[in-house]
Amino acid sequence: MILYEKAPAPSARRVSLFLAEKGIDIPRIDVDIRGGENLSADYKAKSINGRIPMLELDDGTTISESMAICRYLDAAFPSNHNLLGSTPFEIAQIEMWNRIVELQGLFVAFQAFRNISGIYSDRERCVEAWGEESKKRILEFLPILETRLSESAFLAGDNFSVADISAYVFCQFISNMNIQIDDTYPSISVWIETLNQRTAFQH
């Protein structure tokens, strides 16, 4: 199997951290998304959404969307290091917090960055006012994250999970909008430092 990615991109970073945590090593191909390589006919013939990351299996079947890729890898390479939960309640908690981070954090941050920077204005409509509104929504979400992490060692409970990966990627990405995790968010800061000590986060 082969992973098509752009390493610094948030969605690709999420899969990369998941792979590192699981100890899975697979070949990777860098895709020039700024140059539009993902919009080429050859790439779009493989990817249903024309985005990265994309996982191509040995039989040519492809999987798009970062969480779908993570779920496939988790099932294809079973181990005791479970990032998606093992009990019904744990599975639900992880899914809940991962979706909260996606819908109120990551996806909002994507909208802020793309609409303010206009980085892909050659291929999509960019509305700066929507980008600025999205940036405000990021600032409104951070206290929710801070409160949760003041109550729990990890986002979905006592154990590290894919929800932590998603939230970590979000916290790293928002620096592109000049939003910093500072002393205003002590619990987030401690949590980030805890994750930075994990082997998977040091590559």
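Residues numbered from 1 in each chain as written. Predicted model: local features only at pLDDT ≥ 70, side-chain atom pairs only at ≥ 80, totals over all residues. Heavy atoms only, no water.

### Some details on the nonpolar core
Grouped together as the largest cluster of nonpolar side chains are 53 residues, with contacts concentrated most on Ile 138, Leu 145, Phe 170, Met 177, Ile 188 and Trp 191. Two domains each provide a minimum of three residues to this core, namely domain 1 (2–76) and domain 2 (88–201). Those residues in contact with Met 177, other than ones at most four positions away along the chain, are Ala 109, Ala 112, Phe 113, Lys 135 and Ile 138. Core analysis: the next-biggest nonpolar cluster, separate from the first, contains 9 residues, Tyr 4, Ala 9, Ile 33 and Ile 52 among them. (Core = buried A, V, L, I, M, F, W, Y, C linked by side-chain atoms within 4.5 Å. Buried < 20%, exposed > 50% of the residue type's maximum accessible area, 1.4 Å probe, protein only. Domains from an automatic or database assignment. Contact = heavy atoms within 4.5 Å.)

### What about the sheet that holds strand 4 (residues 62–64)?
Strand order in the open sheet formed by 4 strands is 2-1-3-4, and the pairing between neighbours is mixed. Each edge of the open sheet is held by one strand with a lone partner, namely strand 2 (28–30) and strand 4. Sheet twist, expressed as the mean angle between neighbouring strand axes with direction ignored, is 20 degrees. Alignment of strand 3 (residues 54–56) against strand 4, held across 3 bridges, turns out to be antiparallel. The residue bridging Leu 55 from the neighbouring strand is Ile 63, located in strand 4. The sheet contacts of helix 3 (residues 66–76) involve strand 1 (2–5), strand 3 and strand 4, and relative to strand 4 the element is tilted by about 130 degrees. (Pairing = 2+ DSSP bridges. Helix = DSSP H or I, 4+ residues; strand = E, 2+ residues; numbered from the N terminus. Axes fitted to C-alpha atoms, helices over the stretch in contact; angles between N-to-C directions.)

### Regarding the UniProt feature "domain: GST N-terminal" (unreviewed entry) in the protein chain
Here the UniProt-annotated "domain: GST N-terminal" (unreviewed entry) positions come out as residues 1–81. End C-alpha to end C-alpha, residues 1–81 measures 21 Å, and it is 37% helix and 16% strand. (UniProt positions renumbered as here; feature names shortened; annotations may be inferred.)

### Remarks on unusual backbone geometry
Of note, the amide linkage connecting Ile 52 to Pro 53 takes the cis form, showing an omega dihedral of 0 degrees. Structurally, Pro 53 is set in the loop between helix 2 (41–46) and strand 3. A positive phi angle, close to 75 degrees, is found at Glu 65, a residue other than glycine. Summarising the element assignment, Glu 65 is placed in the loop between strand 4 and helix 3.

### Examining the side chain of Ser 187
Positionally, Ser 187 belongs in helix 7 (residues 186–196). The residues touching Ser 187, leaving out its near neighbours within four places in the chain, are Glu 146, Leu 149 and Ser 150.

### Observations concerning the pairing of strand 1
Sheet analysis places strand 1 next to strand 3, joined by 3 bridges and oriented antiparallel. Bridged to Leu 3 within strand 3 is Leu 55. Sheet topology places strand 1 next to strand 2; 3 bridges connect them, and they run parallel. Bridging across to strand 2, Glu 5 finds its partner in Asp 30.

### Quick look at the environment of Ile 100
Relative to the elements of secondary structure, Ile 100 occurs in helix 4 (residues 88–117). Expressed as a C-alpha distance, the spacing of Ile 100 and Ser 166, which sit 66 residues apart in the sequence, is 9.9 Å. Ignoring any residue separated from it by four or fewer positions in sequence, one finds Ile 100 in contact with Gly 105 and Phe 141.

### A short note on the pattern of salt bridges
Going through the model one piece at a time under the given rule, you end up with 12 salt bridges. Through salt bridges with shared partners, a single network forms among Arg 14, Arg 99 and Glu 102. (Salt bridge = Lys/Arg side-chain N within 4 Å of Asp/Glu carboxyl O.)

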